[in-house]
Amino acid sequence: MKKKIVYELKGLYRDSLRVTGYEFGKGKKSICIVGTMRGNEVQQLYCCSQLVKKFKQLEEEGRITSGHKILIIPSCNPYSINIQKRFWPIDNTDINRMFPGYDLGETTQRIADGVFQAIKDYKYGIQFTSFYMPGEFIPHVRMMDEGYSTVEDALKFEMPYVVRRKVRPYDTATLNYNWQVWETQAFSFYTTSTTTIDRRSAGQSVLSIMKFLSALGIVKYQSSGRVQQSIVFDDTELVSVRTAKSGIFEPLVKVGDEVGEGTPLANIVNPYDGEIMETLYAPLESKVFFMHTDPLTYANTAVFKLI
Amino acid sequence: MIKTVASVALPVDEVLAIKKRRICPEGKTKGMKRISVVTGIHGDELEGQYVCYEVGRRIEAQMDKLKGIVDIYPAMNPLGIDSITRGIPAFDLDMNRLFPGNIEGNMTEYLAAEIMKDVSGSDLVVDIHASNIYLTEIPQIRINELHEDFLVPVAKQANVDFVWVHGASTVLESTFAYSLNSTGTPCLVVEMGVGMRITKAYGDQMVDGIFNMMKEMGIWEGDVNPVREPIISKDWQDVSYLNASVGGLFVPHVNHWVKLKEGDLIGEIINPLTGQVLESVTSPVDGILFTIRDYPIVDEGSLVGRLLRKEVYEG
C-alpha cells in the first residue's frame, strides 16, 4: 500500500486540505474508488475506509493480480467533514458540480481538477455518493444511460439493483459524467445511509466490489459461489408517493419492505395536536426503494420511491 | 394589487407564499404590454429589493403616464431572504437550477413551475441579481450567446455599464432566464452590486434603465432620464480572471470600475498572523476592473476580480 497526497491546498488559519489516496498493486490503472465529496457523507467515508482495510489485507496476502493498480480516495473534502458542512466552507459550492475542474479556476474547480488529473485514466471508476434529499435507499449501483458503462459490467457487482439514470443538464459537471467523457466506465454506489454509519450496507458494498474485481480478474476473492442476479431498471420506473400535507413524518414501513397495494406507508401528523392529517398508501404491490428520513416533511415531497 | 403566485403550507403553522404586485391603469388592460421585474431568487442578493420599491414609487407618483402592466416580484425565495441563505433553506438547493420546475414535483420544483407559469408571456422580464456575498459587480447584463440576437438590442436600453455575452453551458439550462428565453419570453439577467447590501446608486441607475425600456415598449409615457451606452463584450477572451494564488486576506488598493495599466497593483493578499504579503495582485492587461472582491478571506483559487480588456471599450 502506498499512501499519497493527490491534491493539497494551503489554508490561512487551518491545516492544509489534503486529498489522500491509497494505492494498491502496480501496473495499468485498473480501478479508482472515490468517497466523500460533501461534508455530511459519513457513510461514504466509512465504506472507503473498509475498502482500504480490505485491499491492505489482499495485498499482504498476494491476492491482487499483478499488472493492476487500484486507487482509493476516501475523501476529497476533509475541510467540510471537519466542520460538518455539506458544501465547501467559504463559498458553499459543491465539488461534485465542478468536474472536470480547472486548475486556474475557483477553489472547488481546482480541487476537482487536482483530483480528476489523478483519477481520469483509470479503466473503471466507482464513486460513493449521496442523494440530494435526506433518506435511505436499498443499496444499489447507478449508471448513466449515456456513456461507457455497460449493464453487463454493472451486473458483476451482484448488488440487488442496478439503476440506469437518465442524464440531466446538471449531471454534466459531476465526476461520474466526466469520468465517462474520459472513457472510464463509471458507476455510482448508493448504500443505505449518508449521515449515519450503516455497517451492513457498507459491508455489502465492500463485498460487491470484491465480486466485481474478482470477475474482472483483478483480485482473487472467494465468494459463496452463488451468483446473485441484479434487477436492472430505469430511474423513471420508480413510483413516487408524495405528501399532500406538510407536517411530522411518521413512517409505518422500512426501506426494503415488500408492500401490497393499499398498505399504509406513513402518516403525516399535525405538529400541534397530533391528529393524522394524511395517510400515504402504496399504490401498487412493490418494494420500498427509497424512504424520506427527516422527522418533518413538506407538502408535495416524494417521501417514498417504490419499485 | 398584491397577488399570491404560489403557496405551500410548511410543517409548523406557516404558509410560504410567493407574491407579486401588479400595477396597471384602471379599466381594461387587454392588449397592453407587460414588463416583469423579478428578484430574490438567491436569498442573499438584496440589490433588487430597492429597485422593486423604487419602480413602484415612481409609477405611483405619475399613474397617468402608465400605459401597460408592471408586475413586480420582489421575493422569489422568501425563506432564503429571511434567513440570509442563498439557496432554498432546508433543501440546500440553488433555486436558479430548478427551472422550468415541475408542477407535479416536490415543493421547490412546484414553486418554480408556478413562477414560470405566472411570468411567462411577459413582453420583457428583468431578473435582478446581486452577484454574491464575495464579489461586487458593476451594473451589467449577462446574455447567453444562444439568445444574443433578441436580447442585446433591449440590453442597450437598460442603462447598464456593461453587456456580457457569454458562451452556452449545459448546466445553465436550468436557470430561470434560460427557461424563459428558450420558451419565447425575453428575459434579461442583471448583475449589480454585492450580496447582503443595497447600493442605492446602482439601484437608481437600474430604475432609470427599467423606465427607459418601459418607454421603448410603450408602457410608460412619462419623462425618462438619459441612459448610458454600455460596453458590449461577445468574445470570452475579452475578460481576464484574477484568481488568488494563495489563501489569505485580500486588501484592495484600487476602486471598482477603475481603468488600469498592465502591472498596476490591484490589491494584496496578506497573512495577519505572520505579517507577510503573500501575493501582490496586479493587472495582467490594460483594462477596466468590473468585478472586485468584497469578502476579504480568500482560498487559493478564489476570484478576486475580473478585468475587461482595453481593446473592447476603446475599440
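Residues numbered from 1 in each chain as written. Chains lettered and ligands numbered in written order. Predicted model: local features only at pLDDT ≥ 70, side-chain atom pairs only at ≥ 80, totals over all residues.

### What about the nonpolar core?
Thinking step 1. One finds Val37(B), Val55(B), Val126(B), Ile141(B), Leu188(B), Val190(B) and Ile210(B) to be the most contacted residues of the largest nonpolar core, which totals 83 residues.
Thinking step 2. The leading source of residues in this core is helix H6 (residues 200-217) of chain B, at 7 residues.
Thinking step 3. In this structure, Leu188(B) is in contact with Val126(B), Asp127(B), Ile141(B), Leu151(B), Val154(B), Ala155(B) and Ala158(B), ignoring residues within four places of it in sequence.
Thinking step 4. The next biggest cluster of nonpolar side chains, apart from the first, holds 77 residues, and it includes Tyr177(A), Val255(A), Leu265(A) and Ile268(A). (Core = buried A, V, L, I, M, F, W, Y, C linked by C-beta atoms within 7 Å. Buried ≥ 20, exposed ≤ 12 C-beta atoms within 10 Å, placed from the backbone. Helix = DSSP H or I, 4+ residues; strand = E, 2+ residues; numbered from the N terminus. Contact = placed C-beta atoms within 7 Å.)

### Some words on the confidence of the model for chain B
Thinking step 1. Mean pLDDT over chain B stands at 96; residues scoring 70 or higher make up 100%.
Thinking step 2. Both scores are available for the predicted complex, with the pTM at 0.89 and the ipTM at 0.83. (pLDDT = per-residue confidence, 0-100.)

### Some words on the domain arrangement of chain A
In many reports, interface size means the accessible area that the parts give up when they come together.
Residues and elements named next belong to chain A.
Thinking step 1. Domain assignment breaks chain A into domain 1 (2-234) and domain 2 (238-306).
Thinking step 2. Computed over C-alpha atoms, the centres of domain 1 and domain 2 are 31 Å apart.
Thinking step 3. On the domain 2 side, the residues contacting the 7 residues of domain 1 number 8 residues.
Thinking step 4. Residues of the side of domain 1 that touches domain 2, tallied by class, amount to 4 nonpolar, 2 polar and 1 charged. (Domains from an automatic or database assignment. Nonpolar A, V, L, I, M, F, W, Y, C, P; charged D, E, K, R; others polar.)

### Digging into the interface of chain A and chain B
Thinking step 1. Taken together, the contacts link 31 residues of chain A with 30 residues of chain B.
Thinking step 2. The element contributing the most residues to the side of chain A that touches chain B is helix H3 (residues 107-119) of chain A, with 3 residues.
Thinking step 3. In terms of residue class, the side of chain A that touches chain B is made up of 14 nonpolar, 11 polar and 6 charged.

### Quick notes on the domain arrangement of chain B
All names here are of chain B.
Thinking step 1. In terms of domains, chain B is made up of domain 1 (2-232) and domain 2 (236-313).
Thinking step 2. Centre-to-centre, using C-alpha coordinates, domain 1 lies 30 Å away from domain 2.
Thinking step 3. The element that contributes the greatest number of residues to the side of domain 1 that touches domain 2 is strand E6 (residues 135-144), accounting for 5 residues.
Thinking step 4. Of the residues in the side of domain 1 that touches domain 2, the class split is 7 nonpolar, 3 polar and 1 charged.

### Considering the packing of helix H1 (residues 42-60) of chain A against helix H6 (residues 199-215) of chain A
All names here are of chain A.
Thinking step 1. Where H1 meets H6, the axes come as close as 9 Å, and the angle between the chain directions of the two elements is 45°. Taken together, H1 and H6 sit at an angle that is classed as oblique. Once H1 is placed against H6, the crossing between them reads as right-handed. Of the residues in H6, those touching H1 at Gln43, Tyr46, Cys47, Gln50, Leu51 and Lys54 are Ala202, Ser205, Val206 and Ile209.
Thinking step 2. Residues that form the contact of H1 with H6 fall into these classes: 6 nonpolar, 3 polar and 1 charged. (Axes fitted to C-alpha atoms, helices over the stretch in contact; angles between N-to-C directions. Parallel < 35°, antiparallel > 145°, perpendicular 65-115°, else oblique. Left-handed = near helix turned anticlockwise from the far one by under 90°.)

### Topic: the packing of helix H1 (residues 47-61) of chain B against H6(B)
Residues and elements named next belong to chain B.
Thinking step 1. In the contact formed by H1 and H6, the axes pass within 9 Å of each other and the chain directions differ by 50°. With respect to each other, H1 and H6 are oriented oblique. Crossing of H1 over H6 shows right-handed handedness. Here Glu47, Tyr50, Val51, Glu54, Val55 and Arg58 of H1 come into contact with H6, specifically with Lys200, Tyr202, Gly203, Met206, Val207, Ile210 and Phe211.
Thinking step 2. Grouping the amino acids of the contact of H1 with H6 by side-chain chemistry returns 8 nonpolar, 1 polar and 4 charged.

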